[in-house]
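Below, each chain spelled out in residue letters.
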Amino acid sequence: MLGFEYLRSLESSVERLQAQAPQMADAARLIVDCAVRGGRFYVHDTENIVSNEVAGRAGGLIMLRELRPWNIIDLKGSENDVVAIFMNGTDPRGERTLIDEVRKRRMKVVGVFPTSSKDHPLHSSEVVIDNGLVEEGGLMDVPGFKEKVGPVDAVLNSVIALSICAEVIDEFLRRGLKPSVYMSLRREGSIEYNKKMLAQYERQGY
Amino acid sequence: MSSGDAARRYLDGIKKVLGEIRTEESEKIRAASSAIFEALRFGHRAFNVGMNHIPPLANSYGVRGNPGIFLPVEPLLNELSFKRARAGEESSLRGDVILYSDQFSSSPALEELAYQTRQLGASTIYVGTPSGRHSVSSAIPNKTLWELCDLQIDAHTPMGDGLLSFTGLDVPACATSGVTNVALFYALNLEVAERISLAFTKSGPVHRRRKKLARSRQATRS
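Residues numbered from 1 in each chain as written. Chains lettered and ligands numbered in written order. Predicted model: local features only at pLDDT ≥ 70, side-chain atom pairs only at ≥ 80, totals over all residues. Heavy atoms only, no water.

## Focus on the packing of helix H2 (residues 21-36) of chain A against helix H5 (residues 153-174) of chain A
Each packed pair of helices is defined by two parameters, the angle between the axes and the distance between the axes.
All names here are of chain A.
Now for step 1: Two elements in contact, H2 and H5, have axes separated by 8 Å at closest approach and are oriented at 55°. Considering their axes alone, H2 and H5 lie oblique with respect to each other. Between H2 and H5 lies a crossing of right-handed hand. In contact with Met24, Ala25, Ala27, Ala28, Arg29, Ile31, Val32, Ala35 and Val36 of H2, H5 contributes Ile160, Ser163, Ile164, Glu167, Val168, Glu171 and Phe172.
Now for step 2: Across the contact of H2 with H5, the residue classes tally to 12 nonpolar, 1 polar and 3 charged. (Axes fitted to C-alpha atoms, helices over the stretch in contact; angles between N-to-C directions. Helix = DSSP H or I, 4+ residues; strand = E, 2+ residues; numbered from the N terminus. Parallel < 35°, antiparallel > 145°, perpendicular 65-115°, else oblique. Left-handed = near helix turned anticlockwise from the far one by under 90°. Contact = heavy atoms within 4.5 Å. Nonpolar A, V, L, I, M, F, W, Y, C, P; charged D, E, K, R; others polar.)

## Concerning the packing of aromatic side chains
All names here are of chain B.
Now for step 1: Using the criterion set out here, one finds 5 aromatic pairs over all chains in the structure.
Now for step 2: Residues Tyr126 and Trp146 carry aromatic rings whose centres are separated by 6.0 Å and whose planes lie at 80° to one another, so their mutual orientation is edge-to-face. Of this pair, Tyr126 sits in strand E3 (residues 123-129) while Trp146 is found in helix H6 (residues 145-148), placing the two residues 20 residues apart along the sequence.
Now for step 3: Plain terms: the ring middles of Phe185 and Tyr186 are 5.0 Å apart, the flat faces sit at 80° to each other, and that makes the pair edge-to-face. (Phe/Tyr/Trp six-rings, centres within 6.5 Å; stacked < 30°, edge-to-face > 60°.)

## Points about the pairing of strand E4 (residues 108-113) of chain A
All names here are of chain A.
Now for step 1: The element E4 is extensively covered by neighbouring structure, given that 6 of its 6 residues are classed as buried.
Now for step 2: The alternating pattern of E4 places Lys108, Val110 and Val112 and Val109, Gly111 and Phe113 on opposite faces, both of which are buried.
Now for step 3: In the sheet, strand E3 (residues 82-86) pairs with E4 via 5 bridges, with the strands oriented parallel. Looking across to E4, one finds that Phe86 is bridged to Val112.
Now for step 4: Taken together, E3, helix H4 (residues 95-104) and E4 form a β-α-β motif whose crossover is right-handed.
Now for step 5: Across 4 bridges, E4 lies against strand E5 (residues 127-130) in parallel orientation. Residue pairing for E5: Gly111 is matched across the bridge by Val128. (Buried < 20%, exposed > 50% of the residue type's maximum accessible area, 1.4 Å probe, protein only. Pairing = 2+ DSSP bridges. Right-handed = clockwise from strand over helix to strand, strands pointing away.)

## Description of the pattern of salt bridges
Now for step 1: Tallying each qualifying case throughout the model produces 21 salt bridges over all chains.
Now for step 2: Across the salt bridge formed by Arg45 of chain B and Asp96 of chain B, the nearest N and O atoms sit 2.6 Å from each other. Within this pair, whereas Arg45 of chain B is found in the loop between helix H2 (26-41) and strand E1 (46-50), its partner Asp96 of chain B is found in the loop between helix H4 (73-85) and strand E2 (97-104), the two being separated by 51 residues in sequence.
Now for step 3: Overall, Arg45 of chain B belongs to the partly exposed group, its relative accessible area being 24%.
Now for step 4: By sharing partners, the salt bridges in this structure join Asp33, Glu171 and Arg175 of chain A into a single network. (Salt bridge = Lys/Arg side-chain N within 4 Å of Asp/Glu carboxyl O.)

## A look at the interface of chain A and chain B
Now for step 1: In this assembly, 67 residues from chain A lie in contact with 64 residues from chain B.
Now for step 2: Across the chain A/chain B interface, buried area totals approximately 5,600 Å², and carbon plus sulfur atoms make up 65% of it.
Now for step 3: Summed over the three residues of chain A that lose the most area to chain B, namely Phe4, Glu11 and Arg186 of chain A, the buried surface amounts to 14% of that side.
Now for step 4: The interface formed by chain A and chain B holds 5 salt bridges in total.
Now for step 5: We note a salt bridge from Arg22 of chain B to Glu11 of chain A, for which the minimum N-O separation is 2.7 Å.
Now for step 6: Applying the counting rule to chain A against chain B returns 20 residue pairs in polar contact (both at pLDDT 80 or more).
Now for step 7: If you list the elements that add at least two residues to the side of chain A that touches chain B, you get helix H1 (2-16), H2, helix H3 (49-54), strand E6 (138-140), strand E7 (149-151), H5 and helix H6 (190-204) of chain A.
Now for step 8: Counting residues per element, the side of chain A that touches chain B draws most heavily on H5 of chain A, which supplies 14 residues.
Now for step 9: Classifying every residue of the side of chain A that touches chain B by side-chain character gives 36 nonpolar, 14 polar and 17 charged. (Buried area = accessible area lost by both parts, 1.4 Å probe. Polar contact = N/O pair within 3.5 Å; in protein donor to acceptor, adjacent residues only side chain to side chain.)

Right, dumping it as structure tokens:
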């Protein structure tokens, strides 16, 4: 029963994210504006869960790169680069350092975080998306288990990231531009197709 | 100017897929959680072996909200290495349950592991979507994870793991498999956790007191 309640709860949370669709479209416009000027699109989350879901994958944008804290050390960055930063809970902890480093490089930020958190450093992002993830950890109390079971953050943040990607693809196509997207390696002809797409990405930058 | 229609299409689509899983896979989810619970209560183990993008990270042992019902793959690999070194011994996986998950069922590394662990007596469950072999070769000829495992839960992943079609784009885009595999993993965890919790109550002091009371009432009536 609890497993099915969990799935139902995820469905409701996904439904609530519909309210954030205009902000996702704003994020996509920013990313595409920057990409056509030669900028890059990065995704960062502390656990590398969301970035691992959207970077280098079937049906995903080739332009998208993971940004881990150590990647930023030698990253020059520019005002044409955009980083989507995903955070949960109300305490940004060590993430302030990464946000400061991103800002020093004049990179643009799409902040995905619980916006009810008042003093959050991501409030100054160019685009703000509310993931509503104020609480960290599981969703459901199960008698006999010390902590709540069934986290939702990985699922909801990934859904937001994939929705932004949908908007980015749509925005490119709307402008008459063709973004490079990976074909699943499990499909016939994918190796040749992806080689062609990688060459297209090298040429266009997106 | 876009007002978020593509994002809404993805959100609608992923919600629909989650709903399909909840309704169409309910019997399989119950059967899997029952098998896992029965294995645990008789002193056996459950392992989680997941591939794909987020599942190995989001479903890790020790992640907040993961009740630790499933052991990670490392102790399983350790045991398989140990068994290999001492071939001929009786299987130590008899009674254990292993949950395999991957985007699609043609998964060469996991096919081999599923085959081996089943040979050693483990029950196997697959979470993912059945697929043809296409460009991926298989370690076990003519068998995919779907066929190799005792029980299969379909993650309803669309062809090529792309939920959305766009005019002007040759391939479907925006995956579902990572999201659904994580959702299914925690749905299973919750179903098993609930069975454990109910079993505590039934075997615990409250339940024993109730049974004693019922017996004494019956004795009084007779």
